[in-house]
Amino acid sequence: MSTTAPRNLPGRGVLWTAVAATVVIAIGAFVLSFASLTDLAVRSGIDSTLAWIWPIIVDGLIVAATVAIVALNGHGRRAMVYPWTLLFFGAIVSTAANATHAILSVDRSPDIPAVVAALVAAMPPVVLLLITHLTVHMFQKRAEVAQEIEASQAETAATDEAYYRELQMRRAEAAASLARALETNDDDREHRASVESLEAELAALQEEADAHVERESGGFFPSATSAVDLPGPSRVN
């Protein structure tokens, strides 16, 4: 009666370890980018007492877009377009600004080519973008597996219930045959054995249903001993 088992749901520990790693990397990327963008803002003529606002605006957009993407996980593609657009826009601006700052500052280290300095400075926002996508991908896959498990459980429950109903009908027919055998004084041992076997199988199914903690109702089958009443003298003990 069981269907093919769905894929295992990724453990919460693994998921939250990845999230924690993402947060650590994001903090590191933000700190490095903050220093570069603050200096770039000062070089661009913004007062030094206000220059720190520039990286907050640029990298803050990346943070806000990232939070929005995680919060909207599971919604349709159209709902995800805008936050992803903001994330890419913020990442592009931050990457370009960090690279520009590195090129302007390369005179401090004449042995370092400008392109190398630009690549090094561009890595933090680029890595932040990549790990953001990775984290969202993990949440999406976890949601997909959870849906598969839920669908599999629902299918199994429906199959078990249908089989249980079939057993009830067979037991009712066996009980009716037993009653007729009693009325006509025929040999009722075969009918009685059939009733006992069906009742045992019904009881086993009921116990199995009650044992499944995934089923919120605690068992969807009616009582196995109350579905059909046997004639008094021949009631199976």
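Just above sits the structure.
Residues numbered from 1 in each chain as written. Predicted model: local features only at pLDDT ≥ 70, side-chain atom pairs only at ≥ 80, totals over all residues. Heavy atoms only, no water.

Right, let's get into the overall build of the protein. Along the protein, the regular secondary structure elements total 5 helices and 0 strands. Secondary structure elements of the protein occur, N-terminal to C-terminal, as α-α-α-α-α. For the protein, the residues scored as buried account for 33% of the 237 residues in total. Restricting the contact set of the protein to residue pairs at least 6 apart, pairs at least 24 apart contribute 69%. (Helix = DSSP H or I, 4+ residues; strand = E, 2+ residues; numbered from the N terminus. Buried < 20%, exposed > 50% of the residue type's maximum accessible area, 1.4 Å probe, protein only. Contact = heavy atoms within 4.5 Å.)

Going through the model one piece at a time under the given rule, you end up with 2 aromatic pairs. Where Trp 84 meets Phe 88, the ring centres are 5.9 Å apart and the plane angle is 35°; that geometry is what we call tilted. Here Phe 88 and Trp 84 lie together in helix H3 (residues 77–105), a separation of 4 residues that amounts to about one turn. What makes Phe 88 partly exposed here is its relative accessible area of 42%. (Phe/Tyr/Trp six-rings, centres within 6.5 Å; stacked < 30°, edge-to-face > 60°.)

We now examine the environment of Met 138. Mapped onto the elements of the fold, Met 138 is located in helix H4 (residues 114–183). Distance in space between the C-alpha atoms of Met 138 and Leu 15 is 7.4 Å, their sequence separation being 123 residues. Residues within four places of Met 138 in sequence aside, it is in contact with Val 14, Leu 15 and Ala 18.

This part is about the nonpolar core. Core analysis: the biggest nonpolar cluster contains 12 residues, these being Ala 29, Ile 62, Ala 65, Ile 69, Met 80, Trp 84, Leu 87, Ala 91, Leu 128, Leu 129, Ile 131 and Val 136. Among the elements of the structure, helix H2 (53–71), H3 and H4 are those that each provide at least two residues to this core. Setting aside anything within four residues of it in sequence, one finds Ile 69 in contact with Met 80, Pro 83, Trp 84, Leu 87 and Val 136. Formed by 8 residues, the second largest nonpolar core is a distinct cluster that contains Leu 167, Ala 174, Leu 198 and Leu 205. (Core = buried A, V, L, I, M, F, W, Y, C linked by side-chain atoms within 4.5 Å.)

An ideal rise of 1.5 Å per residue puts 104 Å on 70 residues; H4 measures up with 103 Å between its terminal C-alpha atoms. At the exit of H4 stands Asn 185, carrying a positive phi of roughly 55°. (Expected span 1.5 Å × (residues − 1).)

Below, the discussion takes up a nonpolar patch on the surface. Together, Ile 46, Leu 50, Trp 52, Ile 53, Ile 56 and Ile 57 line one region of the surface with nonpolar side chains, adding up to about 530 Å² of accessible area. On the secondary structure map, Leu 50 appears in the loop between helix H1 (12–43) and H2. By relative accessible area, which is 48% here, Leu 50 ends up partly exposed. (Patch = residues over 30% accessible without salt bridge, like charges linked within 9 Å, V, L, I, M, F, W, Y side chains within 5 Å. Areas by Shrake-Rupley, 256 points an atom, 1.4 Å probe, with all protein chains shown as cover. Salt bridge = Lys/Arg side-chain N within 4 Å of Asp/Glu carboxyl O.)

Let us look at the side chain of Ser 36. Within the secondary structure, Ser 36 is located in helix H1. Excluding residues within four positions of it along the chain, Ser 36 makes contact with Asn 98 and His 101.

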